[in-house]
Amino acid sequence: MDKKLQQTAEELGEVLKARGMKVTFAESCTAGLAAMAVASAESSADFFSRGFITYTNQAKQEVLGVSRSALDTYTAVSEPVVREMAQGALRISGEQAAVSISGYAGPDGGPDGTPAGTVWFGWAFSDGLTVAEVETFSGDCEEVITAAAHFALTRLIALLKNR
């Protein structure tokens with residue numbers, strides 16, 4: 001595993017433990033890499049219990065409750081869908097924080113012309129706050145996936161520290 005990603009996961013674990021919180025993940029293009037990094041952190045059972053890999057639209061609907069209308073109207077790589085993914089993971093898990101990731105890691109972009117490397121992120125919290133952001137990463141598929149997982153964890157740390 002990428003050393004920088006592992007260090008960030010360790011830092012996230014400390015922040016979550018200090019706040020008595022647990023996190024869950026709903027991942028698409030990263031296929032569980034963010035959750036795997038967190039699960040491999042020291043004492044991870046104190047702040048992580050589950051993650052959801054929902055690579056297809058059907059999985060997003062069946063597992064997380066993402067609406068078909070959001071997928072049809074905006075595509076899986078969109079703000080409305082990552083918001084619904086994060087909120088669904090939060091609802092199912094009962095945890096205090098959720099992270100969702102959906103994007104085009106490459107080599108191809110989206111059918112609507114969205115370039116490869118475009119990744120949407122969602123963060124939902126049990127107090128009702130949901131945040132979404134989009135980033136575009138460069139590199140091959142593996143580099144985009146690693147960068148996306150790292151960004152998701154880094155941004156969660158920042159969101160938690162600013163609450």
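Overview of the structure. Given the structure is predicted, the values throughout are model-derived calculations rather than measurements.

1. Focus on the nonpolar core
V23, F25, V38, F121, W123 and L153 are the most contacted members of the largest nonpolar core, which totals 38 residues. For this core, the elements supplying multiple residues, two or more each, are α1 (3-19), β1 (23-27), α2 (33-39), β3 (97-103), β4 (118-125) and α6 (141-161). Here this core gets 11 residues from one element, more than from any other, and that element is α6. Listed in part, the 19 residues of the second largest apolar core include L71, A76, V77 and V82.

2. What to know about the packing of α1 against α6
For the pair α1 and α6, interaxial distance at closest approach is 9 Å and the crossing angle is 25°. Comparing their axes, α6 and α1 come out roughly parallel. Judged by the twist between their axes, the crossing of α1 over α6 is left-handed. Here K4, L5, T8, A9, E11, L12, V15, L16 and R19 of α1 come into contact with α6, specifically with A149, H150, L153, T154, L156, I157, L160 and K161. In the contact of α1 with α6, the residues fall into 10 nonpolar, 3 polar and 4 charged.

3. What to know about the sheet that holds β4
Judged by pairing direction, the sheet is mixed, and its 5 strands sit side by side in the order β2-β1-β3-β4-β5 without closing on themselves. Edge positions in the open sheet fall to β2 (48-53) and β5 (130-136), since each of these has one partner strand only. On average, each strand axis in the sheet is inclined to that of its neighbour by 15°, with strand direction left out of account. As paired elements, β1 and β3 share 5 bridges and run parallel to each other. Within β3, the position partnered with T24 by the bridge is A98. Along the sheet, α6 makes contact with β1, β3, β4 and β5, crossing β4 at roughly 30°.

4. Topic: the state of the cysteines
Under the counting rule described, the total for this entry stands at 0 disulfides. Cysteine C29 remains unbridged, with the sulfur of C141 as its closest cysteine sulfur at 8.2 Å. The exposure class of C29 is buried, given its relative accessible area of 7%. Taking the relative accessible area as the measure of exposure, C141 reaches 32% and is therefore partly exposed.

5. A word on α1
When the terminal C-alpha atoms of α1 are compared, their 25 Å separation across 17 residues agrees well with the 24 Å that a helix rising 1.5 Å per residue should span. What α1 keeps buried is the set L5, Q6, T8, A9, L12, G13, V15 and L16. Along its buried surface, α1 packs onto β1, α2 and α6. Where α1 begins, one side-chain oxygen reaches toward the backbone nitrogen of K4, 3.2 Å away; that side chain belongs to D2.

About the thresholds
Residues numbered from 1 in each chain as written. Predicted model: local features only at pLDDT ≥ 70, side-chain atom pairs only at ≥ 80, totals over all residues. Heavy atoms only, no water. Core = buried A, V, L, I, M, F, W, Y, C linked by side-chain atoms within 4.5 Å. Buried < 20%, exposed > 50% of the residue type's maximum accessible area, 1.4 Å probe, protein only. Helix = DSSP H or I, 4+ residues; strand = E, 2+ residues; numbered from the N terminus. Axes fitted to C-alpha atoms, helices over the stretch in contact; angles between N-to-C directions. Parallel < 35°, antiparallel > 145°, perpendicular 65-115°, else oblique. Left-handed = near helix turned anticlockwise from the far one by under 90°. Contact = heavy atoms within 4.5 Å. Nonpolar A, V, L, I, M, F, W, Y, C, P; charged D, E, K, R; others polar. Pairing = 2+ DSSP bridges. Disulfide = S-S within 2.5 Å. Expected span 1.5 Å × (residues − 1). Polar contact = N/O pair within 3.5 Å; in protein donor to acceptor, adjacent residues only side chain to side chain.

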